[in-house]
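# Observations on the model geometry
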Amino acid sequence: MKKVLIVAAAAGLMSLAACGSNDPQAEANIANAEAVADNLEMQADNLEAMADNATTDAATARLENAADNLNARADNVVDHAEAVEANRN
């Protein structure tokens, strides 16, 4: 489910990039936000792998919650960058 959301978000960003202005700073800001989001999602994947190997239910729950929070932050980073760039124009 999360991978589908990531692909959908990437497709949306590509469509925005195709119809957006040719402002190099705006494109750099969005690209930077996407890189940060990708890093957060990789960290979330690592936490999910750790949750799979956790020895207690409580540890599994904590790690899964942390992974969910990182995925949400990744979405927020890109959304915020897009909103800032949209308001700049």
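In what follows, the structure referred to is the one given above.
Now for a description of the structure that goes with this document. (Residues numbered from 1 in each chain as written. Predicted model: local features only at pLDDT ≥ 70, side-chain atom pairs only at ≥ 80, totals over all residues. Heavy atoms only, no water.)

## Digging into the overall build of the chain
- When its secondary structure is counted, the chain shows three helices and zero strands.
- Along the chain, from the amino end to the carboxyl end, the secondary structure elements read α-α-α.
- Across the 89 residues that make up the chain, the buried fraction comes to 24%.
- Of the roughly 6100 Å² of accessible surface on the chain, 58% is carried by carbon and sulfur atoms. (Helix = DSSP H or I, 4+ residues; strand = E, 2+ residues; numbered from the N terminus. Buried < 20%, exposed > 50% of the residue type's maximum accessible area, 1.4 Å probe, protein only. Areas by Shrake-Rupley, 256 points an atom, 1.4 Å probe, with all protein chains shown as cover.)

## Focus: the side chain of Thr60
- Mapped onto the elements, Thr60 comes out in helix α3 (residues 57-88).
- The contact partners of Thr60, leaving out residues within four places of it in the chain, are Ala51 and Ala54. (Contact = heavy atoms within 4.5 Å.)

## Examining α3
- In a regular helix each residue adds 1.5 Å, so 32 residues correspond to 46 Å; α3 covers 46 Å between its end C-alpha atoms and thus fits that length.
- Residues of α3 that are buried include every one of Ala59, Thr60, Leu63, Ala67, Leu70, Asn71, Ala74, Val78, Ala81, Glu82 and Glu85, and no others. (Expected span 1.5 Å × (residues − 1).)

## Overview of the environment of Asp75
- By the secondary structure assignment, Asp75 is in helix α3.
- Relative accessible area serves as the criterion here: at 30%, Asp75 is assigned to the partly exposed category.
- Sequence spacing of Asp75 and Glu41 is 34 residues, and the spatial spacing of their C-alpha atoms is 9.2 Å.

## Considering the nonpolar core
- Counting 10 residues, the largest nonpolar core consists of Ala37, Leu40, Ala44, Leu47, Ala51, Leu63, Ala67, Leu70, Ala74 and Val78.
- Elements with a minimum of two residues in this core: α2 (24-53) and α3.
- Setting aside chain neighbours within four positions, we find Leu70 in contact with Leu40, Gln43, Ala44 and Leu47. (Core = buried A, V, L, I, M, F, W, Y, C linked by side-chain atoms within 4.5 Å.)

## Description of α2
- With 30 residues, α2 extends 44 Å between its outermost C-alpha atoms, agreeing within 8% with the 44 Å of an ideal straight helix rising 1.5 Å per residue.
- The backbone nitrogen of Gln25 has a side-chain oxygen 3.2 Å away, supplied by the residue at the start of α2, namely Asp23. (Polar contact = N/O pair within 3.5 Å; in protein donor to acceptor, adjacent residues only side chain to side chain.)

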